[in-house]
Each structure stands twice: as C-alpha cells, then as structure tokens.
Amino acid sequence: MKKIFYVLAAVLAFVLAGCKSTSVSQKAITPSALCGEWKIASLSGFDSAKIPEATLSVMAREEDEYAINGFSGVNRFFANLKNTPDAFPIGDRLASTKMMGAPDDMTFEDVLTNVIAVSSSWKIEGNTLKITAGTKTAVFVK
C-alpha cells in the first residue's frame, strides 16, 4: 500500500512540475483593466508633435459590459465589449462617425482606428497603454 502511495505521489509531482511554464506570461487584459480616460502620446509613423488630439475612454455600462469611446482626430469611435480577454481584437464592433477632415488628419485617423480595431495586444505599463497591431503601435497616457 505504501509503495502505491509513493508511486502515485511521484507521478503527481512529475505531472505538476511538467505543467510549469518556463516563461513569464502576461495576464490577458480585459476592458475593465482599461477604465479611465487616455490621451494619445504617439502613433508609429507620425510625428508626435504634429499628431491630432485623440482620446480613448473606457467605462462600465452594465454588469460585465464596457463601452469604449474615443476621438480619433476627426471622428468619434465607439464599441461595446464584454469583460473578457476575448474582447480583443475589437474588429467590426468598432464603429465611428463618418465626417471628412484634412487629408493628414484622415490618414492618422485611419491608422489609429485600424490599430484599435485589429490589435489583440493591449498592454498597460504604469500610466501608459500600448496598443500594437503589426508594425504600428499607438501609445496612450492617463
């Protein structure tokens, strides 16, 4: 009986040790972690001193549902998301108004809203939010 116990304990220890990850994984972000007002600091490919003012805000709407709203230089954008890591990428749930603006502002807006819509990489470091899609990164600060 003791032998069986020791064998089972050894197998259990081996299984549990085998499940440990050797790399540190970041906890998946949910919309609730993003709550607050964020202001654009930079966007890849654009001069930070010349980019239009853009904002992103996240707030709770109902139990487990959050609203993302923002201004992307010319138009306002918005989406409703469930509070799960599967909320990202936002995809076609991101909608916006459709006003025209200056060509440079429209180009900035197209890149920014695309990054927000297609990115599954949303990382918070202190008071900085980095949203990355491919080679483009939007950096927001609180």
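Preceding block: the structure.
Analysis parameters
- Residues numbered from 1 in each chain as written.
- Predicted model: local features only at pLDDT ≥ 70, side-chain atom pairs only at ≥ 80, totals over all residues.
- Heavy atoms only, no water.
- Helix = DSSP H or I, 4+ residues; strand = E, 2+ residues; numbered from the N terminus.
- Expected span 1.5 Å × (residues − 1).
- Contact = heavy atoms within 4.5 Å.
- Pairing = 2+ DSSP bridges.

**As for helix α2 (residues 103–118)**
Its 16 residues place the ends of α2 22 Å apart at the C-alpha level, agreeing with the 22 Å of an ideal helix rising 1.5 Å per residue. Looking at the buried residues of α2, the elements they touch are β1 (36–43), β2 (55–62), β4 (76–82), β6 (121–125), β7 (128–133) and β8 (136–141).

**Side note on the environment of Asn69**
Tracing the sequence through the fold places Asn69 in strand β3 (residues 65–71). Remark: the alpha-carbon pair of Asn69 and Ala95, spanning 26 residues in sequence, is separated by 9.6 Å.

**Describing the side chain of Ser57**
As for its position among the elements, Ser57 is in strand β2. Excluding anything up to four places from it in sequence, Ser57 contacts Gly36, Glu37, Ala67, Ile68 and Asn69.

**Things to note about the sheet that holds β3**
Strand order across the open sheet formed by 8 strands is β5-β4-β3-β2-β1-β8-β7-β6, with antiparallel pairing between neighbours. Looking at the sheet topology across the chains shown, the edges are occupied by β5 (95–96) and β6. Here β7 pairs with β8 via 6 bridges, running antiparallel. Among the inter-strand pairings, Ala133 is bridged to a residue of β8, identified as Lys136.

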